Amino acid sequence: SQTIHQWPATLVQPVGSPLSLECTVEGTSNPNLYWYRQAAGRGLQLLFYSVGIGQISSEVPQNLSASRPQDRQFILSSKKLLLSDSGFYLCAWRWAGAEQFFGPGTRLTVL
Amino acid sequence: SQKIEQNSEALNIQEGKTATLTCNYTNYSPAYLQWYRQDPGRGPVFLLLIRENEKEKRKERLKVTFDTTLKQSLFHITASQPADSATYLCALGPPGGYNKLIFGAGTRLAVHP
């Protein structure tokens, strides 16, 4: 069966510090991968998605970037965090169907 | 731009009753619509998908309707239980592909014993 991992689960970072969040999927090949951010009381905002290694589509201009160095690995990064980057970051995968399967999320607080 | 609206206020109902959640959208013609459940501090979990040419879909105690004329979907939970308490998100799927979903902010459901 397929599983999706995200780490870390929680993160507190100062403004201006770098960020690296990692997502890995097991039990599937060539999935579509997604990064979302969820602010309190808000819907999920799609940040990036990837249909294959090295292929990244950016949905929202911001100081975040994403990379997909391996088929089942998706990384979200920032060189300098802003206060507005705080939120709940979710990774998701999709394969053949339309439904998406989400990871446990990372709660990021930027102080 | 597209807009998707779900009741921002929590829905409180008694155990055993039917919960009905609403999802309205504008400026969009989705090929399908999905409903997800999200528990506090967790990622959403897929529940049901309904396509634009389908009027109704059922899965156990769940029922979803999709009215493309009204641009509305209704999500029903029959014989509700306290374990159904969660936030429910609707998401619109684009025509021509499965790559992007537009999520609503969700409606929090509280089922009281």
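Right above here is the structure, for reference.
Counting starts from 1 at the beginning of each chain's written sequence and moves along it residue by residue. To read the labels, note that chains go from A and ligands from 1, taken in the order they are written. Local features in this predicted model are restricted to residues whose pLDDT is 70 or higher, and side-chain atom pairs enter the listing and the counts only when it is 80 or higher, whereas totals over whole chains, interfaces and linings include all residues. The side-chain values count all of the structure's non-hydrogen atoms but skip hydrogen atoms and water molecules.

### Brief notes about the overall build of chain B
Looking only at helices and strands, chain B has zero helices and 11 strands in total. Secondary structure counts use DSSP, requiring at least four H or I residues in a row for a helix and at least two E residues in a row for a strand, with both numbered from the N terminus. Element order for chain B, N to C, with α for helix and β for strand: β-β-β-β-β-β-β-β-β-β-β. Here the radius of gyration uses the C-alpha set of atoms, whereas the globule reference equals 2.2 Å times the residue count to the power 0.38. Against the globule reference of 13 Å for 113 residues, chain B gives a C-alpha radius of gyration of 14 Å, in line with a compact fold. With the C-alpha coordinates of chain B rotated into their principal frame, the extents come out at 45 × 30 × 20 Å. Relative to its 113 residues, chain B shows a buried fraction of 44%. We call two residues contacting when some pair of their heavy atoms lies within 4.5 Å. Put simply, 56% of the contacts in chain B that link residues at least 6 apart link residues at least 24 apart. Only carbon and sulfur atoms are counted for the fraction: they give 47% of the accessible area of chain B, which is about 5,800 Å². Positive and negative side-chain charges in chain B, numbering 14 and 10 respectively, have mean positions lying 3 Å apart. The classification of residues rests on relative accessible area computed with a 1.4 Å probe and restricted to protein chains. Under 20% of the type maximum is buried, over 50% is exposed, and intermediate values are partly exposed. The accessible surface values rely on the Shrake-Rupley method and a 1.4 Å probe; as for residues, cover is taken only from the protein chains in view. Positive charges come from Lys and Arg, negative ones from Asp and Glu, while His and the chain ends are left out of the count. Charged groups are reduced to one reference atom each: NZ for lysine, CZ for arginine, CG for aspartic acid, CD for glutamic acid.

### Remarks on the nonpolar core
Inside soluble globular proteins, nonpolar side chains tend to come together where they are buried. Here, nonpolar core refers to any group of buried Ala, Val, Leu, Ile, Met, Phe, Trp, Tyr and Cys residues whose side-chain atoms link them within 4.5 Å. Core analysis: the biggest nonpolar cluster contains 23 residues, and B:Leu33, B:Trp35, B:Phe75, B:Ile77, B:Tyr88 and B:Leu109 have the highest contact counts within it. Broken down by secondary-structure element, the contributors of at least two residues to this core are strand E3 (19-26), strand E4 (32-38), strand E5 (45-51), strand E7 (62-67), strand E8 (72-77), strand E9 (86-93) and strand E11 (107-112) of chain B. B:Leu33 has contacts with B:Cys23, B:Leu48, B:Leu49, B:Ile50, B:Phe66, B:Ser73, B:Cys90, B:Ala91 and B:Leu92, leaving out every residue within four places of it along the chain. Membership of the second largest hydrophobic core comes to 20 residues, among which are A:Leu11, A:Leu19, A:Phe74 and A:Tyr89.

### Some words on the side chain of B:Thr65
Residues and elements named next belong to chain B. Residue position: threonine 65 is located in strand E7. The exposure class assigned to threonine 65 is buried, which follows from its relative accessible area of 19%. Every residue in contact with threonine 65, bar those within four places of it in the chain, is listed here: Ile50, Lys55, Glu56, Gln72, Ser73 and Leu74.

### As for the state of the cysteines
All names here are of chain A. In what follows, a disulfide is any cysteine sulfur pair within 2.5 Å. Taken as a whole, this structure holds two disulfides over all chains when the rule is applied. Here cysteine 23 engages in a disulfide with cysteine 91; their sulfurs sit 2.0 Å apart. One disulfide, between cysteine 23 and cysteine 91, carries an S-S torsion of -75 degrees and so falls in the left-handed class. Here cysteine 23, found in strand E3 (residues 19-26), pairs with cysteine 91, found in strand E9 (residues 87-94); they are 68 residues apart in sequence, far enough to count as distant.

### Here's the deal with the sheet that holds strand E6 (residues 56-59) of chain B
All names here are of chain B. Here five strands make up an open sheet; going across it, the order is E1-E3-E8-E7-E6 and the pairing antiparallel. Every interior strand has two partners, whereas the edge strands, strand E1 (3-6) and E6, have only one. On average, adjacent strands in this sheet sit at an angle of 15 degrees to one another, irrespective of strand direction. Judged from the six bridges that link them, E7 and E8 form a sheet pairing that is antiparallel. Paired with leucine 62 across the bridge in E8 is isoleucine 77. Two strands qualify as a pair provided that DSSP identifies no fewer than 2 bridges between them. Axis definition: a line fit to C-alpha positions, over the contact stretch in the case of helices; interaxial angles, taken between N-to-C directions, run 0 to 180 degrees.

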